[in-house]
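Fold and geometry: a report
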Amino acid sequence: MLRLAHLVLFISLFLSSVADAKDLEQQEIEFKENPNKLLIKLSKSTEFPLQFTNKEEFSKISNDLGYEPIELQRDLEVLARVNLETNLSSPTKYDDAKLLIGQLDAIASNAFDEAMVIMLKARLRARENKEYQPIIVQYMDALNKINTDMSLQATLFKYIIHEHLGGLHMMLLQSAPSLSHYNRYREIAYQLHNDYFIAEAETALGKYYNRNGDKAKSLQHFSEAFRLASGVNYPMLKSQALINLARTYRDLEQWDDALKYAHGAAEIQQQLGFETYLAETLNVIAMVYEGQEKWSKAVDYYLNAQQVNERVGNVIAVGINFHNIGGIYAKLNNIPAALNALQRANDIFRSLKTNHYLVHNELLFTQINAQQGQWAETIDHAKKTLELAKKLKQTDIQIETLGYLSTAYRKTNELNAAIDTVESIITLTNNHDDDTKDDKSYSELTEQKLKFELTLLSNKLEQQTTKNKHHQLIIILLAFSLSIVIAVVIFIWRKLALKNALYLNAKVINHIEPMTQIAGYRAFIEKLDTLDPSEPQTLALINIDELNNLDIQLGLTESRALMQKLIVQMSQHLNTEVFMIRSGQLACYFNQQRNADYIYDALVMCLEKLNTIQPNIPHFAHLHDAHKASIGHINLPLLSNPDVNISAQLHFETLQYALAAAIDIKEKPAYVSLRPLNFAPAAIFMPPLYLNLTQALNRGIIRAESNRNTLDINWPKS
């Protein structure tokens, strides 16, 4: 009875921990989906603001509110985080955050509490002063404090920190550490097995690769995020997935798709009242129109975004909008308006010390003044741009700016200065500052990893001592369970041995087409599963109309013998493996790439030879000059990206799609071959496959080839 009581206690504790885990994860999702709603909820439940200065006063307030002190402390931590969100509408949010951070600092009693306070102070500093490099140091201090803590709350906290660090490094153009943190962010999301968190992490990596110009990987991560977001009922997550797809299609210059996804995101954001995200979406729409050189529409959307950013107090976004508007006014040759907008952007960037934005604004100032022949102003802004670019180690910007500066010096007859400028351009072109910068970023990343390992080693002994206490209870439970498990395992093993023998026999039978006793569909799919997806190969699906009902017309025995002869003949003639899908329909695998013309010619020869061997096939003898044969053809790999995996079943369905189009062609024999372009996204090979393939053909992402007129092909409808 005592053992049973221990078991019941263990199960109840396990179920309680699972429930607590779900609560913590759900609260984090609420934080990301609707911070305004969470602010109201927590402010009401905690009766914020509270008055306390030490642990004893805090414990008394907790008891009065019906809280456990640790639960109230965690709610106040989340409340402080919410108040530091940019898209929060509360006018007192930063003052409330300062009050909460001070109170949490006063009651911090362990490493997790201290790490949380450090992170909150860093985030407040970022919101108020925009000093991002020192903030990264504070974040790393917080991460080091809880690096060895494996609890769920610590894991979620690490998830948050890696997300923020990835964004901070990306903002500062530090590519290597940014990718490292985003990869760790994604690892934790998969560790938590939460689709919402995974979608967020995939989105972050998509943004990273998009920023670094790798459109293929960016689209891969955004597509996965959109797939996951479509499977859960969280509108904010879906809107983010939509806007990221809009950005991707904008970069691919597929304007209609970009506008469709962007307007879908804007509709959700307007309904939810998330104006910060709405401003970003309006900017994307403006950029789409700018890409199409529809300048008036672009300005309208930039101005709409400007109004939203001013309303929510997003000063940096206001500055970026002024920069974008200035660029468009310059294209419209409205130079006074362009310079006015750029000057307003300059004022904002300088006041906030955001040099990574200011350098691009000064460069645009320089470019416009040079185009207008305003050489004194060109020299002034070029010098400012150079100073900023040197601080940020932006070699490409330095070289471009020196080009404008050289021209300005020549136009003002300052020839010695012009010569010095040209020499500077040559020096910068030949140096390896970028490599030095990458090495530095790599060294910083290595140093951070070593710090993590040192922290881990220094706490290992203490952690092991704590674990031993838990292990004692687990060992007792395992010993009790082991005797039961052994008996069950013996019983199951005997059953499995019998089932395994039956399974092996059934597996052989399953791979054979039942009527002809020839390797069939399952054997073909298993063959595809074993292929190296990076090696060049070819698949074909062939349908011979005259043989579709051969089993009925000749009888099973004779038709089976005939089909076996045909398959042997085709295997030898085409040097391929042939599989029987059904009567008159054959699948072929080639271990090297073969074009459709080769397969077409070989098939015609096989059919003519079959006619001479078996003249008794109904309706076959007099059709040997125009056999109704159709071929679906694809070359592998379908996509150039080795990270994308397409299942064997989808390869087969793609063949079916091509064959269906070939069958519909009236003039026979006919073949249809499909070939995706190099930039084709993996999403076109996802269910519903026929619909995706048809849309891809219409957009020109997939090319179709045939021995007949491809314009007359009626593609299958989903």
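Scope of this entry: the structure provided in the associated data block. Please read these numbers as outputs of a predicted model, since none were measured by experiment.

Observations regarding the pattern of salt bridges
In this structure the tally under the stated criterion is 24 salt bridges. The salt bridge involving R186 is made with E202; its shortest N-O contact spans 2.9 Å. One end of the pair, R186, is in helix α9 (residues 175-192); the other, E202, is in helix α10 (residues 195-211), with 16 residues separating them in the sequence. Measuring nitrogen to oxygen at the nearest pair gives 4.0 Å for the salt bridge that ties D257 to K260. Of the two residues, D257 and K260 both sit in helix α13 (residues 255-272), three residues apart, roughly one turn of that helix. What you see here is one network of salt bridges that share partners, running through K32, E163 and E200.

Here's the deal with empty space enclosed by the protein
For the coordinates displayed, the defined rule picks out one cavity of 30 Å³ or more. Here the largest cavity is characterised by a volume of approximately 30 Å³. Every residue along the wall of the largest cavity is listed here: L219, Y249, L252, Q254, F679, P681, R699 and I701. Taken together, the residues of the lining of the largest cavity break down into six nonpolar, one polar and one charged.

Observations regarding the packing of aromatic side chains
Describing an aromatic ring pair means giving the distance of the ring centres and the angle of the ring planes. Considering all chains together, one arrives at 18 aromatic pairs under this definition. Considering the side-chain rings of Y159 and Y185, the 4.6 Å spacing of their centres and the 40 degrees angle between planes classify their relative orientation as tilted. Taken as a pair, Y159 in helix α8 (residues 152-171) and Y185 in helix α9 lie far apart in primary sequence, 26 residues in all. We classify Y159 as buried; its relative accessible area is 0%. With relative accessibility at 1%, the residue Y185 sits in the buried group. Judged by centre distance (6.0 Å) and plane angle (70 degrees), the rings of F524 and F652 are edge-to-face.

Re the packing of helix α4 (residues 69-83) against helix α6 (residues 111-129)
α6 packs onto α4 with a crossing angle of 15 degrees between their chain directions and a minimal axis gap of 11 Å. Between α4 and α6, the angle falls in the class roughly parallel. Between α4 and α6 lies a crossing of left-handed hand. For the pair formed by α4 and α6, the contact residues are Q73, R74, E77, A80 and R81 on the first element and F112, D113, M116, M119 and L120 on the second. Grouping the amino acids of the contact of α4 with α6 by side-chain chemistry returns five nonpolar, one polar and four charged.

Here's the deal with the pairing of strand β3 (residues 537-544)
The buried count for β3 comes to eight of eight residues, which makes it a mostly enclosed element. Here β3 pairs with strand β6 (residues 629-636) via eight bridges, running antiparallel. When the sheet's bridge partners are listed, L539 is paired in β6 with I634. In the sheet, β3 pairs with strand β5 (residues 585-590) via six bridges, with the strands oriented antiparallel. Paired with N543 across the two strands is Q585, which belongs to β5.

Focus: the nonpolar core
Core analysis: the largest hydrophobic core is formed by 104 residues, its most contacted members being L76, M119, L120, Y139, F157 and I161. Ignoring sequence-local partners within four residues, the contact set of M119 consists of R81, Y139, A142, F157, I161 and H164. Membership of the second largest hydrophobic core comes to 41 residues, among which are A587, I684, I701 and I713.

Some remarks on helix α15 (residues 295-312)
An α-helical segment advances 3.6 residues per turn. Residues three or four places apart therefore align on the same side. With 18 residues, α15 extends 26 Å between its outermost C-alpha atoms, agreeing within 8% with the 26 Å of an ideal straight helix rising 1.5 Å per residue. Elements that come into contact with the buried residues of α15 comprise α13, α14 (275-291) and α16 (315-331). Backbone geometry just after α15 places G313 at a positive phi near 80 degrees.

Describing a nonpolar patch on the surface
A surface patch of nonpolar side chains, amounting to about 540 Å² of accessible area, comprises F480, I484, V488, F491, I492 and L496. Take F480: its relative accessible area is 31%, and that puts it in the partly exposed class.

Observations concerning the packing of α8 against α10
Taken N-terminus to C-terminus, the directions of α8 and α10 make an angle of 15 degrees; their axes are 11 Å apart at the nearest point. In terms of orientation, α8 lies roughly parallel with respect to α10. The element α8 and its partner α10 pack so that their crossing is left-handed. Of α10, the residues touching α8 (which contributes L156, Y159, E163 and M170) are F197, E200, K207, Y208 and R211. A per-class count over the contact of α8 with α10 returns five nonpolar, no polar and four charged.

Notes on the side chain of R250
Position of R250 relative to the elements: it lies in helix α12 (residues 235-251). Here R250 falls in the buried class, since its relative accessible area comes to 14%. Not counting residues up to four positions away in its chain, the partners in contact with R250 are W255, A258, V284, M287 and V288.

About the cut-offs
Residues numbered from 1 in each chain as written. Predicted model: local features only at pLDDT ≥ 70, side-chain atom pairs only at ≥ 80, totals over all residues. Heavy atoms only, no water. Salt bridge = Lys/Arg side-chain N within 4 Å of Asp/Glu carboxyl O. Helix = DSSP H or I, 4+ residues; strand = E, 2+ residues; numbered from the N terminus. 1 Å grid on protein atoms, 1.4 Å probe; cavity = no way out; pocket = protein on both sides within 12 Å on 5 of 7 lines; lining within 4 Å. Points joined across faces, edges and corners; volume = space filled by probe spheres on them. Nonpolar A, V, L, I, M, F, W, Y, C, P; charged D, E, K, R; others polar. Phe/Tyr/Trp six-rings, centres within 6.5 Å; stacked < 30°, edge-to-face > 60°. Buried < 20%, exposed > 50% of the residue type's maximum accessible area, 1.4 Å probe, protein only. Axes fitted to C-alpha atoms, helices over the stretch in contact; angles between N-to-C directions. Parallel < 35°, antiparallel > 145°, perpendicular 65-115°, else oblique. Left-handed = near helix turned anticlockwise from the far one by under 90°. Contact = heavy atoms within 4.5 Å. Pairing = 2+ DSSP bridges. Core = buried A, V, L, I, M, F, W, Y, C linked by side-chain atoms within 4.5 Å. Expected span 1.5 Å × (residues − 1). Patch = residues over 30% accessible without salt bridge, like charges linked within 9 Å, V, L, I, M, F, W, Y side chains within 5 Å. Areas by Shrake-Rupley, 256 points an atom, 1.4 Å probe, with all protein chains shown as cover.

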